[in-house]
Amino acid sequence: MPELSRRRALTAAAALATAAGVQTLTAPTASAAGHDHHAPASFDEVYKGRRIQGRPASGGGHQHHGAGYSVFVDGVELHVMRNADGSWISVVSHYDPVPTPRAAARAAVDELQGAALLPFPAN
């Protein structure tokens, strides 16, 4: 039986690391796909003096980005988008992903600091 050389050991280690990396990369994709089947729960609450609401969209909203879900701050629609990993962002807090549309609405209220949310122009 030939002696294990440094080259063979490194080659074997690289092959094992590559196989482990492929498994790690494919596992989150499968779990993220599972999130698409469950719509977030509706909510209606007052947060820091602002009324925030969220519910499945019914026709007129920005469904192509918001995964069929509408969010409102004081009755004005907050444009939200669901990321591939299942997190959510809004037009107000675009660079701070959060786990739910409710958290996106709360983050928008925090960011607005009392200012009114202006309607997002539809194209």
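Residues numbered from 1 in each chain as written. Predicted model: local features only at pLDDT ≥ 70, side-chain atom pairs only at ≥ 80, totals over all residues. Heavy atoms only, no water.

Topic: the environment of Ile89
- Within the secondary structure, Ile89 is located in strand E6 (residues 88–90).
- As a C-alpha pair, Ile89 and Ala105 span 16 residues in sequence and 9.2 Å in three-dimensional space. (Helix = DSSP H or I, 4+ residues; strand = E, 2+ residues; numbered from the N terminus.)

Side note on the confidence of the model for the chain
- Overall, the prediction assigns the chain a mean pLDDT of 78, with 61% of residues at 70 or greater.
- Averaged pLDDT values for the elements of the chain fall to 52 in helix H2 (residues 63–66) and rise to 98 in strand E1 (residues 43–47).
- Note on residues 22–36: pLDDT is under 50 here. Beyond four places in sequence and across chains, it has 4 contacts. (pLDDT = per-residue confidence, 0-100. Contact = heavy atoms within 4.5 Å.)

A look at the nonpolar core
- One finds Phe43, Ile52, Val71, Val73, Leu78 and Val80 to be the most contacted residues of the largest nonpolar core, which totals 16 residues.
- For this core, the secondary structure elements donating two or more residues are E1, strand E3 (69–73) and helix H3 (101–112).
- If one sorts the elements of this core by residue count, H3 sits on top with 5 residues. (Core = buried A, V, L, I, M, F, W, Y, C linked by side-chain atoms within 4.5 Å. Buried < 20%, exposed > 50% of the residue type's maximum accessible area, 1.4 Å probe, protein only.)

Notes on the sheet that holds strand E2 (residues 50–56)
- Read from one edge to the other, the open sheet built from 4 strands follows the order E1-E2-E3-E4, with strand pairing classed as antiparallel. Lying at the two open borders of the sheet, with one neighbouring strand each, are E1 and strand E4 (76–78). Direction aside, neighbouring strands of the sheet carry axes that sit 25 degrees apart on average.
- When E2 meets E3, the two strands line up antiparallel, connected through 5 bridges. Bridged to Ile52 within E3 is Val73.
- Most of the contacts of H3 go to E1, to which it runs at about 25 degrees, and overall it touches E1, E2, E3 and E4. (Pairing = 2+ DSSP bridges. Axes fitted to C-alpha atoms, helices over the stretch in contact; angles between N-to-C directions.)

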